[in-house]
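Chain and residue survey
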Amino acid sequence: METSLTPQSLGQRGLLSDIRAFLAIIRREWTIFIRYPSWIIAMLIWPLIFPMLYILTARALSGPDGSGLAVFMKTTGATDYIGYIIIGTTVWMWQNIVLWDVGFALRQEQMRGTLESNWLSPTWRFSYLLGHTGPQIVSMAIFVLITAIEFGLIFGVRLNGSGWMLALVMLAAIPAIYGLGFAFASLVITVKEANAFVFLIRGLVMIFCGITFPIAILPEWMQAVAKWMPQSYLIHAMRTAAFSNAGVNELLPDLIPLLSFGTFWLVVGYLAFIWMERRARQTGAIGQY
Amino acid sequence: MQITTLSQPSLKTQLRSLFVIARKDWKVFWRYPLNAVSNVFQPIIWITPVYFMGKAFSTNGQATGFAAYSGSGDYMSYILLGTVLTNFILTVFWGMGLALKEDMDAGVLESNWLTPVSRLLILVGRTLTSLLTTTITSLVMLGIGAALFGFKPTGSTLAAFLTAIPMLLGLYGFGFAFAGIVLLMRDANTLIDVGSFLVQGFSGTNFPVKSLPYWLIPVSLMLPLTYGLDAIRGFLLKTNTLMPINIEIIILIVFMFVMLWGGAQIFYRVERRVRKLGTLGQH
């Protein structure tokens, strides 16, 4: 008599189990985040000292009589040069932190030796990346809040615009910023050591997106490149929302491209993940580092 | 029974070990050529926003506000020179501590410590290759920076070079002390990141310190690096200096002796403590 065995997985995947896994990953990431309290120091100091270098340079360029500052105000249309620079540098730091945190999330698992075993669990694998994103967004919100408080107290920077509009712009930027992080995470897991790519991407943001100057001042070819980068629209929209009484209608010219780039990068990020997952299974390289 | 050591340390063996350390670091550095490319382009990327920001502050290409502080409207030459000097400062200032941390992580620190080589010499050896590679990458960076933004030195290169020597030697003293702190704390990344940013900011790598808010100027004047950067710029770019250049050079020479002696004392004390605690091999 012949018997045949059909292998059956004990894992019963469903929407509920996926949500549970997603929440478990968020909880794990949060536990790790608060386990190393040195982030408190970093979170208090970095928002202050990174923009400071540019602010102090701007101060030197202004001259003792402020003549340079008058030219800057006229060129940029800004009413507060410190606020103008802070917004640019904060967006740069946001993208930079996401590239390191979300971009290297899977790589860290690989280095710890837990990626392969997690991969075997009957869960939606993309939730590993999504789970990293939740605590990251919370910590970034705290980071932005600390920036606003520190510069408000020390340099007297005040928002003339609406905090709600500012929040709306930042919300609209989440898909683009994190979509890029997802695509990057898949690249990192494939090429392993990818620090140079972080330097490249954050360098592009620094050069083309006008973190300390208006994009209109760039040569034409550089302005054309800037139009293909969501961070350019984000910086412009945040400055408009923070220092004018602009409403949703005035922000739409920035919000529409921002959301379009967001959709694009989320799709690219997801497809890159699927491609990386299939490639990793075929080559067996998921556990290697 | 009298214990005798088989090792016969002499000037020749010390110099040989210095050469071996430098050769090892040279091999490691060129094993990752992308790092060299990154060292060239990173500083250019960081100063590009300053270049365009300066344009937004200028009228007909003249940064008159900046000229009122520094005596020169050529802010990009000012910043490019500051960036090159920062590369060297970082190499000596933090390089030795970072090298110790790398050895800790790689698990070779304890065995290196057992060799009959002066420990300060091990630290100095770790900076030799870095100084050479920093010179190469800084020259390439300066060439690219000059092509993109313009670099017009109008003064004496030799005088500027001679002024840099006591500044860098003094920094070795600080590097020894910092290496001691790394031995004790075992993780000093945050300290390095934050410290280097603050030192860069307050010593005036990107701007004349006279432009700082009045309550920050005393902090800047307490850093010997401020006088080094100021004097070198004074010689090479003919900018206005904080004090007469001769006085700035005397400050740098005094700083050099004090820091070399003080830094070595701190390092030896901490190192003795770490050996007593038995934590040298831990990380």
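None of the values given here were measured: they were computed from a predicted structure.

1. Section: the overall build of chain A
Along chain A, the regular secondary structure elements total 12 helices and 0 strands. When the helices and strands of chain A are read in sequence order from the N terminus, they spell out α-α-α-α-α-α-α-α-α-α-α-α. Once the C-alpha set of chain A is aligned to its principal axes, its extents read approximately 100 × 40 × 35 Å. Burial analysis of chain A (289 residues in total) assigns 50% to the buried set. Contacts spanning at least 24 positions in sequence make up 80% of the contacts within chain A whose residues lie at least 6 apart. Only carbon and sulfur atoms are counted for the fraction: they give 67% of the accessible area of chain A, which is about 14400 Å². Here chain A carries 18 positive and 14 negative side-chain charges, and the mean point of each set is 4 Å from the other.

2. Regarding the environment of B:L114
Residue and element names in this part refer to chain B. Turning to its location among the elements, L114 is positioned in the loop between helix 6 (109-113) and helix 7 (119-149). Residue L114 is classed as exposed on the basis of its relative accessible area of 73%. It is 48 Å that separates the C-alpha atoms of L114 and L237, two residues lying 123 residues apart in sequence.

3. Side note on a nonpolar patch on the surface
Residues and elements named next belong to chain A. Together, L187, V191, F197, L200 and L204 line one region of the surface with nonpolar side chains, adding up to about 380 Å² of accessible area. Those elements giving two or more residues to the nonpolar patch turn out to be helix 8 (163-191) and helix 9 (195-208). Looking at the nonpolar patch, the element that brings in the most residues is helix 9, giving 3 residues. By the element assignment, L200 lies in helix 9.

4. Here's the deal with the side chain of B:T134
Residue and element names in this part refer to chain B. Relative to the assigned elements, T134 resides in helix 7. In this structure T134 comes out as buried when scored by relative accessible area, which is 10%. Of note is the side chain of T134, whose polar atom sits 2.5 Å from the backbone oxygen of S130.

5. Some words on the interface of chain A and chain B
Each side of the interface is counted separately: chain A has 37 residues, and chain B has 36 residues. For the chain A face of the interface with chain B, the top three residues by lost area are A:L53, A:L56 and A:L61, together amounting to 20%. Across the chain A-chain B interface, the total number found is 0 salt bridges. At the junction of chain A with chain B, the criterion picks out 5 residue pairs in polar contact (both at pLDDT 80 or more). At 13 residues, the largest contribution of residues to the side of chain A that touches chain B is made by helix 2 (residues 38-62) of chain A. Split into classes, the residues belonging to the side of chain A that touches chain B amount to 27 nonpolar, 8 polar and 2 charged.

6. What to know about the environment of A:F155
All names here are of chain A. Its location among the elements puts F155 in helix 7 (residues 126-155). Here F155 falls in the partly exposed class, since its relative accessible area comes to 25%. Along the backbone, F155 and G203 are 48 residues apart, and their C-alpha atoms lie at a distance of 27 Å. Apart from residues lying up to four places away in sequence, F155 is in contact with M52, I82 and E150.

7. Describing helix 5 (residues 95-106) of chain B
Relative to the 16 Å expected for 12 residues at 1.5 Å per residue, helix 5 of chain B spans 16 Å between its end C-alpha atoms, a close match to the ideal helical length. Just beyond helix 5 of chain B, the residue with positive phi is B:G107, at close to 80 degrees.

Conventions adopted
- Residues numbered from 1 in each chain as written.
- Chains lettered and ligands numbered in written order.
- Predicted model: local features only at pLDDT ≥ 70, side-chain atom pairs only at ≥ 80, totals over all residues.
- Heavy atoms only, no water.
- Helix = DSSP H or I, 4+ residues; strand = E, 2+ residues; numbered from the N terminus.
- Buried < 20%, exposed > 50% of the residue type's maximum accessible area, 1.4 Å probe, protein only.
- Contact = heavy atoms within 4.5 Å.
- Areas by Shrake-Rupley, 256 points an atom, 1.4 Å probe, with all protein chains shown as cover.
- Lys, Arg positive; Asp, Glu negative; His and termini not counted.
- Charge placed at Lys NZ, Arg CZ, Asp CG, Glu CD.
- Patch = residues over 30% accessible without salt bridge, like charges linked within 9 Å, V, L, I, M, F, W, Y side chains within 5 Å.
- Salt bridge = Lys/Arg side-chain N within 4 Å of Asp/Glu carboxyl O.
- Polar contact = N/O pair within 3.5 Å; in protein donor to acceptor, adjacent residues only side chain to side chain.
- Buried area = accessible area lost by both parts, 1.4 Å probe.
- Nonpolar A, V, L, I, M, F, W, Y, C, P; charged D, E, K, R; others polar.
- Expected span 1.5 Å × (residues − 1).

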